[in-house]
Amino acid sequence: MTTFRTPADAAEARAIQDTLRARVVLDEPGPPPGTGRATGVDVAYDEERDVVVAAAVVLDAATLDVVAETTAVGRVTFPYIPGLLAFREIPTVLAALEALPVDPGLVVCDGYGRAHPRRFGLASHLGVLTGLPVIGVAKNPFTFTYEQPGPRRGDSSPLLDGDEEVGRALRTQDGIKPVYVSVGHRTGLDNACAHTLLLARDFRQPETTRRADALCRQALREATA
């Protein structure tokens, strides 16, 4: 695992992103969907106390049963700046991942990978630092454009920055808003979408994200009680 370095300011943070971006692996397909394990990571904040809590929840990718889960509590050490959220979240997310008693398999972030102004969102950053295959499944398209995908589960359309496809808008349930899938590290976009559909069996968001979100919120309540 590569050591995380906290930048002194936004300019240094962007420089770190530009340097690490060259290490993103984009020519691997990733693990076959529905096999092995899939791990959701998410964070919750108490801004008044500068506390951040991360959760990592490992699911069996075929059954969606929980295999293992961990949380970690940290301090917020970097300000909120759009495009630089990884620097607020990654130290505590790394601590949660390192505490897992099993290999996480594919990691699913509630955020972005290539769908990022510098093509290096949280999913890419986490992948480079850990060496794990990582995808981003976000709730909104950030600054990018797309045509509405068809109304049925599995319909998708390109998420575009100009003419470049940086991800996909993917309908995970009939007639509901899409999610926005992008490659982080060591997986392909088709594969990332296939994983997302299998993990979002019953709801809009992948079960990995739903479980990690619930766990980190619970852990934050306990940490700040």
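Figured I'd write up the structure that's included with this text. The model shown is predicted, which means the values in this text are computed figures rather than measured ones. (Residues numbered from 1 in each chain as written. Predicted model: local features only at pLDDT ≥ 70, side-chain atom pairs only at ≥ 80, totals over all residues. Heavy atoms only, no water.)

1. Describing the overall build of the chain
Check the secondary structure of the chain and you find 5 helices and 8 strands. A globule of 225 residues ought to have a C-alpha radius of gyration of about 17 Å, and the chain, at 16 Å, matches this closely. Projected onto the principal axes, the alpha-carbon positions of the chain cover approximately 45 × 40 × 30 Å. Taken over 225 residues, the chain has a buried fraction of 54%. Contacts spanning at least 24 positions in sequence make up 65% of the contacts within the chain whose residues lie at least 6 apart. Per element, the accessible surface of the chain, about 9,800 Å² overall, is 49% carbon and sulfur. Mean positive and mean negative side-chain charge positions of the chain (24 and 29 charges, respectively) differ by 1 Å. (Helix = DSSP H or I, 4+ residues; strand = E, 2+ residues; numbered from the N terminus. Rg over C-alpha atoms; globule rule 2.2 N^0.38 Å. Buried < 20%, exposed > 50% of the residue type's maximum accessible area, 1.4 Å probe, protein only. Contact = heavy atoms within 4.5 Å. Areas by Shrake-Rupley, 256 points an atom, 1.4 Å probe, with all protein chains shown as cover. Lys, Arg positive; Asp, Glu negative; His and termini not counted. Charge placed at Lys NZ, Arg CZ, Asp CG, Glu CD.)

2. Observations concerning the environment of Gly-127
Here Gly-127 lies in helix 3 (residues 122-130). For Gly-127 and Gly-113, which are 14 residues apart along the polypeptide, the C-alpha to C-alpha distance reads 9.2 Å.

3. A look at the sheet that holds strand 4 (residues 106-109)
Read from one edge of the open sheet, 8 strands run 3-2-1-4-5-8-7-6, paired in mixed fashion. Unpaired on one side and paired on the other, strand 3 (66-75) and strand 6 (156-161) mark the two borders of the sheet. Strand-to-strand twist of the sheet, defined as the mean angle between neighbouring strand axes without regard to direction, takes the value 30 degrees. Sheet topology places strand 6 next to strand 7 (residues 164-170); 6 bridges connect them, and they run antiparallel. Bridge assignment links Ser-157 to a residue of strand 7, and that residue is Ala-169. Helix 5 (residues 207-223) rests against strand 1 (37-46), strand 2 (51-60), strand 3 and strand 4 of the sheet, and its axis sits at about 35 degrees to strand 1. (Pairing = 2+ DSSP bridges. Axes fitted to C-alpha atoms, helices over the stretch in contact; angles between N-to-C directions.)

4. Looking at the packing of aromatic side chains
Taken as a whole and judged by the stated rule, the model has 4 aromatic pairs. Between the aromatic rings of Phe-142 and Phe-144, the centroid separation amounts to 6.3 Å while the plane-to-plane angle is 80 degrees, which identifies the pairing as edge-to-face. Ring plane angle 65 degrees and centroid distance 5.2 Å describe the contact between Tyr-146 and Tyr-180, whose orientation is recorded as edge-to-face. Taken together, the residues span a long stretch of sequence, with Tyr-146 in the loop between strand 5 (134-138) and strand 6 and Tyr-180 in strand 8 (residues 179-185) at a distance of 34 residues. Taking the relative accessible area as the measure of exposure, Tyr-180 reaches 4% and is therefore buried. A cation over a ring is seen here: Arg-88 above Tyr-45, with NZ or CZ 4.7 Å from the ring centre. (Phe/Tyr/Trp six-rings, centres within 6.5 Å; stacked < 30°, edge-to-face > 60°. Lys NZ or Arg CZ within 6 Å of the ring centre and 35° of its normal.)

5. Some remarks on the side chain of Asp-46
In this structure, Asp-46 sits in strand 1. On the basis of relative accessible area, Asp-46 is assigned to the buried category, the value being 12%. Here Glu-48 takes part through its backbone nitrogen, which lies 3.2 Å from a polar atom of the side chain of Asp-46. (Polar contact = N/O pair within 3.5 Å; in protein donor to acceptor, adjacent residues only side chain to side chain.)

6. Comments concerning helix 5
A rise of 1.5 Å per residue sets the reference length of helix 5, with its 17 residues, at 24 Å; its end C-alpha atoms lie 24 Å apart and thus fit the reference within 8%. Listing the buried residues of helix 5 in full gives Glu-207, Thr-208, Thr-209, Ala-212, Leu-215, Cys-216, Ala-219 and Leu-220. (Expected span 1.5 Å × (residues − 1).)

7. Observations regarding the pattern of salt bridges
A complete count under the given rule lists 15 salt bridges for this structure. A salt bridge links Arg-168 to Glu-165, with the nearest nitrogen and oxygen atoms 3.1 Å apart. Note on Arg-168: relative accessible area 17%, which makes it buried. The exposure class of Glu-165 is partly exposed, given its relative accessible area of 36%. In this structure, Glu-207 engages Arg-211 in a salt bridge whose closest nitrogen and oxygen atoms are separated by 3.2 Å. Of this pair, Glu-207 and Arg-211 both sit in helix 5, separated by 4 residues, roughly a single helical turn. Because the salt bridges share partners, they merge into one network encompassing Arg-114, Arg-119, Asp-161 and Glu-164. (Salt bridge = Lys/Arg side-chain N within 4 Å of Asp/Glu carboxyl O.)

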